[in-house]
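# Results of the structural survey
If you want the building blocks of each chain, they are given just below.
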Amino acid sequence: MTVDIDKTTGPEGTPPGGPEAIKAIPVRHYGRYVSAVIAIAILIAIIYAFGQGKINWHAVPDYFFDDRILTGVGKTLLLTVLSMLIGIVGGILLAVMRLSKNPVTSSIAWFYIWFFRGTPVLVQLIIWFNLGLVFEYINLGPIYKDYWSSFMTPLLTALLGLGLNEAAYMAEICRAGLLSVDEGQTEASHALGMSHNKTLRRIVIPQAMRVIVPPTGNEVINMLKTTSLVSVVQYPELFRYAQDIGQTSGAPVEMLFLAAAWYLIMTSVLSIGQYYVERYYARGSSRSLPATPFQKIKANMLSLGRQRGGTA
């Protein structure tokens, strides 16, 4: 016995050929359009105001690749790298001391962090530069002996002022990263016979890097901009060279815009590097890593190519 099924009709209550497609109508957000128009209008007004101001914009490209500016850029990057190295090494040591069960070492680390985080960087730089009023000589026995004013050069003043201050902030960042690792892993590694130092190197620090890297990247970018303060201790870097050129060329404001443009370029490059470092240490924390900007551009180009090929 066979039963003929009418394929032209669907289940009860449905029209022939299957259910009717649902037409989704997107919700219109008129507030977004209004706010976008207002924002664009404000941006155009600001650009127009700067364009009509009494600013010699031609001076910016004329001095953009000046030898003194490029020298200042190099010294700014050098000072940033050296100061961050001092800050990171000092921050790791202070974080370990702060977490130590020895009350003396933990108290010393706490006092250091409290003092250097509680005083401005500019004040610390000036104090280092003028410590010759307290210590007339620096005497290290047969190794080194000289006047403090000769020993404390502008570069050394800048490194001590920026690096030691950064160590206080890096100490708290490293401490937060170390505390983010579950204590059970430390106990398990000790049960397997691993020493405390080996546990830190092999177990704790690699996992803590996911917490340490993002704020450290922010500190590097902030350090790059903070180097502009060392002009008060007579160390020539980008901001100091821009000021000198502005005074001699009669375009002081234009040179400030030039310096700002170079700072934006350098911080943008550091931001890209920070993104890839964070992506590297994010391995294992998620099943799939987020696409890089280049991968997103490539995917969009491929999708556009497929759409054109399909419509052709």
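Given the structure is predicted, the values throughout are model-derived calculations rather than measurements. (Residues numbered from 1 in each chain as written. Predicted model: local features only at pLDDT ≥ 70, side-chain atom pairs only at ≥ 80, totals over all residues. Heavy atoms only, no water.)

### Notes on the overall build of the protein
Defined as follows: Each helix is a run of DSSP H or I of at least 4 residues and each strand a run of E of at least 2, with the numbering of both proceeding from the N terminus. Think of it in three bands: residues with accessible area under 20% of the maximum for their type are buried, residues over 50% are exposed, and the middle band is partly exposed, with areas taken using a 1.4 Å probe on protein chains only. Contacts: residue pairs with any heavy atoms within 4.5 Å of one another.
Scanning the protein for helices and strands turns up 12 helices and 2 strands. Of the regular secondary structure in the protein, the N- to C-terminal order runs α-α-α-α-α-β-β-α-α-α-α-α-α-α. For the protein, buried positions account for 28% of its 312 residues. A separation of at least 24 residues holds for 71% of the contacts in the protein among residues at least 6 apart in sequence.

### Structural notes on helix α4 (residues 103-118)
In an α-helix there are 3.6 residues to a turn, and that puts residues three or four apart on one side. Definition in use: Each helix should span, by expectation, one fewer than its residue count multiplied by 1.5 Å. Throughout this description, a polar contact denotes any pair of N or O atoms lying within 3.5 Å of each other; where both atoms belong to protein, one of them has to be capable of donating a hydrogen while the other can accept it, and for residues adjacent in sequence the pair is counted only when both atoms sit in side chains.
The terminal C-alpha atoms of α4 lie 22 Å apart, and with 16 residues this matches the ideal 22 Å at 1.5 Å per residue to within 8%. Among the structural elements, α3 (67-98), α5 (121-129) and α7 (154-179) are those in contact with the buried residues of α4. Its side-chain oxygen at 3.0 Å from the backbone nitrogen of Val104, Asn102 defines the N-terminal cap of α4.

### Let's talk about the nonpolar core
Note the cut-off: Side-chain atoms within 4.5 Å link the members of a nonpolar core, which is a set of buried Ala, Val, Leu, Ile, Met, Phe, Trp, Tyr and Cys residues.
Formed by 21 residues in total, the largest nonpolar core has its most connected members in Leu79, Leu162, Leu178 and Val230. Only α3, α5, α7 and α9 (196-226) provide two or more residues apiece to this core. A total of 7 residues in this core trace back to one element, the largest contributor, which is α7. Apart from residues lying up to four places away in sequence, Leu79 is in contact with Leu155, Ala158, Leu159, Leu162, Thr227, Val230 and Tyr235. If you look at the next biggest cluster of nonpolar residues, it comprises 16 residues, including Leu224, Ala251, Leu258 and Ala259.

### Topic: the side chain of Thr199
Relative to the helices and strands, Thr199 resides in helix α9. Looking at Thr199, its side chain comes within polar contact range of the side chain of Ser189, at 3.2 Å. Leaving out residues up to four positions away in the same chain, Thr199 has contacts with Thr186, Ser189, His190, Met194 and Val204.

### Considering α5
The criterion, for reference: The directions considered for the arc are those from the helix axis to the C-beta atoms.
For α5, every residue scored as buried is listed here: Val121, Gln124, Leu125 and Trp128. Buried residues in α5, looked at end-on, bunch into an arc of 100 degrees, giving them a common side. On the buried face of α5, the contacting elements are α4, α6 (148-151), α7 and α9.

### Quick look at a nonpolar patch on the surface
Definition in use: Candidates for patches are residues over 30% relative accessible area with no salt bridge; among them, like charges are joined within 9 Å and nonpolar side chains (Val, Leu, Ile, Met, Phe, Trp, Tyr) within 5 Å. Calculation of accessible area relied on Shrake-Rupley with a 1.4 Å probe; when residues are assessed, cover is drawn exclusively from the protein chains displayed. Definition used for salt bridges: Asp or Glu carboxyl oxygen within 4 Å of a side-chain nitrogen of Lys or Arg.
On the surface, a cluster of nonpolar side chains totalling about 540 Å² of accessible area is made up of Val34, Ile38, Ile42, Ile46, Phe50 and Trp57. Tracing the backbone shows Ile38 in helix α1 (residues 30-52). The class of Ile38 is partly exposed, set by a relative accessible area of 46%.

### Regarding the environment of Gly250
Relative to the helices and strands, Gly250 is located in the loop between α10 (238-249) and α11 (252-281). Gly250 sits in the exposed class, given a relative accessible area of 62%. Measuring from C-alpha to C-alpha, the distance between Gly250 and Asn56 comes to 10.0 Å, with 194 residues separating the pair along the chain.

### Describing the environment of Val81
Following the sequence through the fold, Val81 ends up in helix α3. The spatial distance from the C-alpha of Val81 to the C-alpha of Val220 is 8.2 Å, given a sequence separation of 139 residues.

### Remarks on the packing of aromatic side chains
Stated formally: Stacked, edge-to-face and tilted labels apply to pairs of Phe, Tyr and Trp rings (six-membered ring for Trp) whose centres lie within 6.5 Å, assigned for plane angles under 30 degrees, over 60, and everything in between, in that order.
Scanning the entire structure with this criterion turns up 10 aromatic pairs. Centroid distance Phe64 to Trp262: 4.9 Å. Interplanar angle 20 degrees. Geometry classified as stacked. Note that Phe64 is positioned in the loop between α2 (59-63) and α3 and Trp262 in helix α11, a separation of 198 residues in sequence. With respect to burial, Phe64 and Trp262 carry one shared label: buried.

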